[in-house]
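# Report on the structure
Listed below, chain by chain, are the residues.
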Amino acid sequence: DATDMSLLAPESRGELHAHGTLGGTRRLPALTLSEHGKGIHHDGMSLDSIEAQVAFDMGAARRSKIDLHARNFTYQERKLTALDLTVDGTTASHVMRLDAKAVGLAVQLQAAGGVIHDMWQGQLTTFNVDGNESLHLVLEAPIGLLASADHVRIDKLCVHGQPGRMCVDADWTHALWSANLAAQDLPMSTLTAGLTPSLEYRGRLSVTASAAGAAAQPL
């Protein structure tokens, strides 16, 4: 319960009021949290305001709910003007919605899924990208998602529309990871959203990229 966050560090500022509990296990955590803050500046990060209500228990069958709203979040060179996250349902079956906005870019996504055998499995059902230069991309088809402490996988996610198309997929384990990106006619303003707002980036890019690595090996 801090009305002056300079208690954390001399250069820190802002108010933060929060109370909650964290328990469970590493694989099945349980969190309850009530939080609100404003005018926060700490360690290269700033945030105008944040409100959060969380009641989430991965090991229980009762209803879980997350409701988080943040405004004007800045970290180093990047800035998000708005971030809204909601999760509603039970551990076995819930829906997540995320809305994020930066200068010249808005992203909406929705996913549905649940936890089975210590692993979250589900589908991304909505993914919309809107921005400058008449950019409007939508998800071509629902795709599978998997996440656990040991494995994260995103099946081939493709969005298309105006003016181009973009696909990405990724797979990660402790021993090995890989990621692929392919984009056609993607506006540069999309890639630079929230970066140096005083400058405007123009032009379009077509990109094909792959990256892979292992735990003890170079990229």
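Refer to the structure printed above.
Residues numbered from 1 in each chain as written. Predicted model: local features only at pLDDT ≥ 70, side-chain atom pairs only at ≥ 80, totals over all residues. Heavy atoms only, no water.

### Considering the overall build of the protein chain
Counting its regular elements, the protein chain contains one helix and 14 strands. Going through the 219 residues of the protein chain one by one, you find that 31% of them count as buried. Intrachain contacts of the protein chain at a sequence separation of at least 6 include 32% that bridge at least 24 residues. Working note: accessible area of the protein chain is about 12800 Å², and carbon and sulfur atoms make up 58% of it. (Helix = DSSP H or I, 4+ residues; strand = E, 2+ residues; numbered from the N terminus. Buried < 20%, exposed > 50% of the residue type's maximum accessible area, 1.4 Å probe, protein only. Contact = heavy atoms within 4.5 Å. Areas by Shrake-Rupley, 256 points an atom, 1.4 Å probe, with all protein chains shown as cover.)

### Some thoughts on the pairing of strand 12 (residues 165-173)
Sheet topology note: the strand 11 (residues 151-162)/strand 12 ladder contains eight bridges and is antiparallel. Across the sheet, Leu157 pairs through a bridge with Val168, a residue of strand 12. Counting the residues that bridge the hairpin from strand 11 to strand 12 gives two residues. When strand 12 meets strand 13 (residues 176-187), the two strands line up antiparallel, connected through eight bridges. When the sheet's bridge partners are listed, Asp171 is paired in strand 13 with Ser178. Following strand 12, the chain reverses through two residues before pairing antiparallel with strand 13. (Pairing = 2+ DSSP bridges.)

### With respect to the side chain of Ser46
Note on placement: Ser46 falls in strand 3 (residues 45-57). Taking the relative accessible area as the measure of exposure, Ser46 reaches 16% and is therefore buried. Excluding residues that lie within four positions of it along the chain, Ser46 makes contacts with Ile40, His41, Asn72, Phe73 and Thr74.

### Considering the pattern of salt bridges
Using the criterion set out here, one finds six salt bridges in the structure. A salt bridge links Asp88 to Lys65; the nearest nitrogen and oxygen atoms lie 3.9 Å apart. Of this pair, Asp88 sits in strand 5 (residues 78-90) while Lys65 sits in strand 4 (residues 63-75); the two residues are 23 residues apart in sequence, bridging distant segments of the chain. According to the relative accessible area criterion, Asp88 is partly exposed, its value standing at 31%. Residue classification places Lys65 among the partly exposed residues on the basis of a relative accessible area of 39%. Across the pair Glu140 and Arg165 runs a salt bridge, and its minimum N-O distance is 2.6 Å. Here Arg165 lies in strand 12 and Glu140 lies in the loop between strand 9 (135-139) and strand 10 (143-147), a separation of 25 residues in the sequence. (Salt bridge = Lys/Arg side-chain N within 4 Å of Asp/Glu carboxyl O.)

### What to know about a nonpolar patch on the surface
Together, Val168, Leu181, Leu205 and Val207 give the surface a local cluster of nonpolar side chains, amounting to about 240 Å² of exposed area. You can see Leu205 is positioned in strand 14 (residues 204-214). The exposure class assigned to Leu205 is partly exposed, which follows from its relative accessible area of 33%. (Patch = residues over 30% accessible without salt bridge, like charges linked within 9 Å, V, L, I, M, F, W, Y side chains within 5 Å.)

### Digging into unusual backbone geometry
The phi dihedral of Asp43 is positive, around 50°, even though this residue is not glycine. Note that Asp43 resides in the loop between strand 2 (29-42) and strand 3. Of the residues examined, Asp43 reaches a relative accessible area of 61% and is grouped as exposed. For Asn72, which is not glycine, the phi torsion reads 55° and is therefore positive. Considering the arrangement of structural elements, one finds Asn72 in strand 4. By relative accessible area, Asn72 is classed as partly exposed at 23%.

### So, the environment of Asp150
Structurally, the position occupied by Asp150 is in the loop between strand 10 and strand 11. For Asp150, a relative accessible area of 28% corresponds to the partly exposed category. Among residues more than four places away in sequence, those in contact with Asp150 are Arg27, Trp172, Thr173 and His174. A distance of 3.3 Å separates a polar atom in the side chain of Asp150 from a polar atom in the side chain of His174. (Polar contact = N/O pair within 3.5 Å; in protein donor to acceptor, adjacent residues only side chain to side chain.)

Any functional reading would require information beyond the geometric quantities listed.
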